[in-house]
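Report on the structure
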Protein chains: 2
Amino acid sequence: MSIFITGVAGFVGTNLAAAMLKRGDKVSGFDNLSLGSARNVEAIRRHGAFDFEVVDLADVDAYRRALRALHARSPVTEVWHLAASSDIAAGVADAGVDLRDTFMTTYNTLLLMKELGIGTIVFASSSAVYGDLGERKLSEDTGPLFPISNYGAMKLASEGVISAALESHLQRAFVFRFPNVAGVPATHGVILDFVRKLRASPGNLDVLGDGSQRKSYLHVDELVDAMLFVRSRARERLGYYNIGADDEGVTVHFIAQQVVQLVAPGARITFGQGSKGWVGDVPKFAYATDKLSKLGWRPTLSSAEAIRKAIGQIAEQERAR
Amino acid sequence: MSIFITGVAGFVGTNLAAAMLKRGDKVSGFDNLSLGSARNVEAIRRHGAFDFEVVDLADVDAYRRALRALHARSPVTEVWHLAASSDIAAGVADAGVDLRDTFMTTYNTLLLMKELGIGTIVFASSSAVYGDLGERKLSEDTGPLFPISNYGAMKLASEGVISAALESHLQRAFVFRFPNVAGVPATHGVILDFVRKLRASPGNLDVLGDGSQRKSYLHVDELVDAMLFVRSRARERLGYYNIGADDEGVTVHFIAQQVVQLVAPGARITFGQGSKGWVGDVPKFAYATDKLSKLGWRPTLSSAEAIRKAIGQIAEQERAR
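In this section: the relation of the copies chain A and chain B. Superposition of chain A onto chain B requires a rotation of 180 degrees combined with a translation of 0.0 Å along the rotation axis, giving an RMSD of 0.0 Å. The superposition of one copy onto the other is thereby described by a two-fold rotation axis. Taken as a fraction of all interface residues of chain A, those also at the interface in chain B reach 100%, which identifies the copy contact as same-surface.

Turning to the sheet that holds strand 5 (residues 120-126) of chain A, a few remarks are in order. Strand pairing in a sheet relies on backbone hydrogen bonds, with the paired strands running either antiparallel or parallel. Residues and elements named next belong to chain A. Taken in spatial order, the seven strands make up an open sheet running 3-2-1-4-5-7-12, and their pairing is parallel. Looking along the sheet, the strands with just one partner apiece sit at the ends: strand 3 (50-54) and strand 12 (238-242). Mean inter-strand twist for the sheet, computed between neighbouring axes without regard to direction, equals 15 degrees. Pairing of strand 1 (residues 2-6) with strand 2 (residues 26-31) involves five bridges; the strand directions are parallel. Within the sheet, the bridge partner assigned to Ser2 lies in strand 2 and is Lys26. Each of strand 1, strand 2, strand 3, strand 4 (78-81) and strand 7 (172-178) touches helix 1 (residues 11-22); the most contacted strand, strand 1, lies at about 170 degrees to it.

Residues and elements named next belong to chain B. The end-to-end C-alpha separation of helix 3 (residues 60-73) is 20 Å, in line with the 20 Å expected for 14 residues at 1.5 Å each. Turning to helix 3, its buried residues are Ala62, Tyr63, Ala66, Leu67, Leu70 and His71. Viewed along the axis of helix 3, the buried residues span an arc of 150 degrees, placing them on a single side of the element. Pointing more than 90 degrees away from the buried face of helix 3 are the exposed residues Arg65 and Ala72.

So, about the packing of aromatic side chains. On inspection of all chains with the given rule, the structure shows 16 aromatic pairs over all chains. Pairing Tyr130 of chain A with Tyr287 of chain A gives two aromatic rings, centres 6.3 Å apart and planes at 75 degrees, and the pair type is edge-to-face. Of this pair, Tyr130 of chain A sits in the loop between strand 5 and strand 6 (137-138) while Tyr287 of chain A sits in strand 15 (residues 284-287), placing them 157 residues apart in sequence. The same class applies to Tyr130 of chain A and to Tyr287 of chain A, which are both buried. Through a chain of ring-to-ring contacts, three or more aromatic side chains come together here, namely Phe103 and Tyr107 of chain A together with Phe103 and Tyr107 of chain B. In this structure, Lys291 of chain B packs its charged tip against the face of Tyr240 of chain B, placed 3.5 Å from the ring centre. Here Lys291 of chain B stacks its cationic end above the ring of Tyr241 of chain B, 4.8 Å away from the centre of that ring.

Rules and cut-offs
- Residues numbered from 1 in each chain as written.
- Chains lettered and ligands numbered in written order.
- Predicted model: local features only at pLDDT ≥ 70, side-chain atom pairs only at ≥ 80, totals over all residues.
- Heavy atoms only, no water.
- Least-squares fit on C-alpha atoms with pLDDT ≥ 70 in both.
- Contact = heavy atoms within 4.5 Å.
- Pairing = 2+ DSSP bridges.
- Helix = DSSP H or I, 4+ residues; strand = E, 2+ residues; numbered from the N terminus.
- Axes fitted to C-alpha atoms, helices over the stretch in contact; angles between N-to-C directions.
- Expected span 1.5 Å × (residues − 1).
- Buried < 20%, exposed > 50% of the residue type's maximum accessible area, 1.4 Å probe, protein only.
- Arc of directions from axis to C-beta.
- Phe/Tyr/Trp six-rings, centres within 6.5 Å; stacked < 30°, edge-to-face > 60°.
- Lys NZ or Arg CZ within 6 Å of the ring centre and 35° of its normal.

Given below as structure tokens:
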């Protein structure tokens, strides 16, 4: 297997590439380093030979040149497409962010796969495609799909062009709808935000929203494990799976308390108004993960355990900066 | 009401604008005339004062200049966005067609509505967002949504950015998922294709696919009637409706026979292989239209009657060319 990963220097990409190298795959990847970092690339290199280049995947000409050269050196057998703008709030303020970094990266990836004759894509989609369906447990076949962020819309659009491409040039596709994921190297997200706020002002933690938002979390180690598991076990031509913990999740209130306890014991927590942390934030969601568990995979950590593990790791990461 | 229609010179746009003008609305519209025509615009003008301009909506700068000027002359109160590439097969061969004409036209429309503070959009979506779900009756909440054409993918993407925009700048949205629509002025579609083939060679009709494709059809007069009905009656902030006939539809075989009977009696019909007319063609679909009928609207024509009416009109249109 010679695997090409987009967004390889990001949070999930770093962990995925390391796991693949460890098991002996040939791994290459591009990243524009907007959220990923050279430090992450160094972390990957510790696990084996790794072909890396800084490329902006939204720039189709640059992407084509770089991928052709890579493919000529060492033919790519499948693409894991993780590149996206994970800053959901930025994409609500300016739809161009997700158009470019979340959708056009997918569009360009498919175009180049067609040109180069690469048949298999594994795509990092998101729970954000479901929008806000209130109390409903989200199964893979749940509809309607009305995202409430441009991030969610452009992930949905990406799923759409992938499924359409299966009718023409693509041979096989996996769509993994990620939950909230926690761990290191953290580049964004609520835990990192809280840790940084408390390091800047240890006496007080201001929380966006009233803290009642409740979401399920998965640790990144388990996310990577689940993806590799499904990739090897699923038999469908289009395999689409929710990946997540099958529990009711934890509240932002809980996360804030846990971070305070570890990073700045005694700090006062101040909550804002409303159940949404920001426009485009889905206040509550929980996955039905029957499809994944039927295939034989279950997380070992609950949402609360994943959060606690990640807080320790992120606090350590920030101390080392 | 001052209504702005994108794709106004196309098949549905022409009929919609005429109906709105007839009931006294102020109507304006842009079209790039790729499928629409100046002759269609003249047909609209017979019904009243109509502000029209040739504009490529995929070119955001040109679109912005033209819409700003229009909005300054006569403030737009709502947008009916119909512009799209309706040539599904062309979009399968080249994904850029639907990226540009089906998705970027929506993206640009939303961007300009944000800039100009226009709060309401009515969007012409499509049954193509459902992909190929086999025998299932398609209700509005049916999932999963895995389109099999780039046209379907870019309609789904358009729905996504519209629902996301409702979380920020947009006030209200209607998403109408069109069925197969028949009538005049025909610009594309199976009936027009058959009529033209028979006029070119009256002794024989070659049909793509084995003729078993079965789809429900609505006459364009009824489609326009349904849209105006839902727009005035529905109360949701995001109103999404399948519009179609609640029957099992008709086969391509039936359509071919009807066209032959009217246009070239005695012509031999030759069928191809496979249940799909072309890549990206959904071989069978039928709508559940409970949501629409609960609101109080039902078509008066069955799929078969709509087809027969349209064949007569399209044959007449082609004779007049």
